[in-house]
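Descriptive structure summary
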Amino acid sequence: MAVLTGFSITIIILAVLVILTLVAGIKTVPQGYGYTVERFGRYTRTLTPGLNLIVPFIDQVGKRINIMEQVLDVPTQEVITKDNASVEADAVAFYQVLNAAKAAYQVANLELAILNLTMTNIRSVIGSMDLDEMLSNRDAINERLLRVVDNAVEPWGIKVTRIEIKDIQPPADLVAAMARQMKAERDKRAQVLEAEGQRNAQILKAEGAKQAAILEAEGEREAAYRQAEARERLAEAEANATRAVSDAIAGGNVEAINYFVAQKYTEAMASIGTAKNAKVVLMPMEASSLIGTLGGIGEIARSVFGKDGLGESEEPRPVRSTPSIRNEPES
């Protein structure tokens, strides 16, 4: 067995010291972490991910800080709103360490500090809002919480990236009251819409009746105008006919007188026959009666106008009496 000499022991001791020195001076930092370096208990620098060298036996690793974005679950807590409604709210926060030295030496128990700060600000923000405002403006609550908490943790080298309210639970009786209120509001809106629909329908109906009345009045006016025009033309025609008959009589044309009288006589007979207050019309006459009457009228005309323009007077014809007409009134 070989005996170790003093030189060999010295070499072994030096080798061990070199190995220990290398182990103490070479530090490997994993990705997503930052190591602080302390020299005699005082912070000097921060080691970044990868292979790093420090002064052996003088420098040492202080705090191992996670610089990745982390999530913090905020537990449920009871909150009183501005209108004295008691609700339960919980949240979730996301933060990231930007300065490992500040996060390690500016605050003790970093996660607990952020948690308590977030819970306190949740009570402050929600407590300054009414219940309806709180339930309908969750984004505003998140924005205010993020701004306030981020400003508070900035001296610690922390960046709060997001705070979200997960759930807000009002009491059961308050939820039931809100449901009744919502139902009443919907019923009210339905009644308002129904009333507006009926009003619009009545307005449209009235507008339609108005337009119909206007069109009817315009139609009646147009009809009256046309009837007046027709009567005017009829009167003008009758005047022209009468003028023509007068001219014919003045000229001694007996046939014109006979035609005119016969026309009027026939129209009178037609009017008597179509009268509504007569059931039976007795007309004991023959067709020759009308001719005899016309002949008598012609003789009268000859006696009035004389023989001038008439030629030799003819033997007067016997004038026959007008047939008797009796109207029987309605029983």
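For clarity, every value in this text was computed on a predicted model and none was experimentally measured. (Residues numbered from 1 in each chain as written. Predicted model: local features only at pLDDT ≥ 70, side-chain atom pairs only at ≥ 80, totals over all residues. Heavy atoms only, no water.)

When its secondary structure is counted, the protein shows eight helices and eight strands. Evaluated residue by residue, the protein yields a buried proportion of 24% over its 331 residues. Looking at the protein alone, contacts between residues at least 24 apart form 65% of all its contacts between residues at least 6 apart. Summed over all atoms, the accessible surface of the protein reaches about 22700 Å², with 57% contributed by carbon and sulfur. (Helix = DSSP H or I, 4+ residues; strand = E, 2+ residues; numbered from the N terminus. Buried < 20%, exposed > 50% of the residue type's maximum accessible area, 1.4 Å probe, protein only. Contact = heavy atoms within 4.5 Å. Areas by Shrake-Rupley, 256 points an atom, 1.4 Å probe, with all protein chains shown as cover.)

This paragraph deals with the packing of helix H3 (residues 110-127) against helix H5 (residues 138-153). One way to put it is that H3 packs onto H5 with a least axis distance of 10 Å and a crossing angle of 140 degrees. By the criterion of interaxial angle, the relationship of H3 to H5 is oblique. Of the two possible hands of crossing, H3 and H5 adopt the one that is right-handed. Where H3 approaches H5, its residues Ile-114, Leu-117, Thr-118, Asn-121, Ile-122, Val-125 and Ile-126 are matched on the opposing element by Ile-141, Arg-144, Leu-145, Val-148, Val-149, Ala-152 and Val-153. Looking at side-chain class alone, the contact of H3 with H5 contains 11 nonpolar, two polar and one charged residues. (Axes fitted to C-alpha atoms, helices over the stretch in contact; angles between N-to-C directions. Parallel < 35°, antiparallel > 145°, perpendicular 65-115°, else oblique. Left-handed = near helix turned anticlockwise from the far one by under 90°. Nonpolar A, V, L, I, M, F, W, Y, C, P; charged D, E, K, R; others polar.)

One non-glycine residue, Phe-57, lies in positive phi territory at about 65 degrees. Mapped onto the elements of the fold, Phe-57 is located in the loop between strand E4 (50-53) and strand E5 (59-66). Looking at Phe-57, the relative accessible area reads 62%, which means it is exposed. Its identity as a non-glycine residue notwithstanding, Asn-109 has a phi of 55 degrees, on the positive side. Among the structural elements, Asn-109 can be located in the loop between helix H2 (100-105) and H3. Assessed through its relative accessible area of 51%, Asn-109 is described here as exposed.

Here Ala-101 lies in helix H2. Note on Ala-101: relative accessible area 12%, which makes it buried. For the pair Ala-101 and Gly-62, spaced 39 residues apart in sequence, the C-alpha to C-alpha distance is 9.8 Å. What Ala-101 contacts, discounting residues up to four positions off in sequence, is Thr-36, Tyr-43, Thr-46 and Gln-106.

Inspection of the secondary structure assignment puts Gln-60 in strand E5. On the basis of relative accessibility, which here comes to 46%, the residue Gln-60 falls in the partly exposed class. For the pair Gln-60 and Gly-41, spaced 19 residues apart in the sequence, the C-alpha separation amounts to 8.4 Å. Leaving out residues up to four positions away in the same chain, Gln-60 has contacts with Thr-36, Val-37, Glu-38 and Ile-54.

What follows is about the sheet that holds strand E6 (residues 70-80). Spatial strand order, E6-E7-E8: three strands in an open sheet with antiparallel pairing. The open sheet has two edge strands, E6 and strand E8 (158-169), and neither has a second partner. Geometrically, the sheet is characterised by an average inter-axis angle of 20 degrees between neighbouring strands, direction not taken into account. Relative to strand E7 (residues 86-97), E6 runs antiparallel, the two sharing nine bridges. Bridge pairing in E7 links Leu-72 to Ala-93. (Pairing = 2+ DSSP bridges.)

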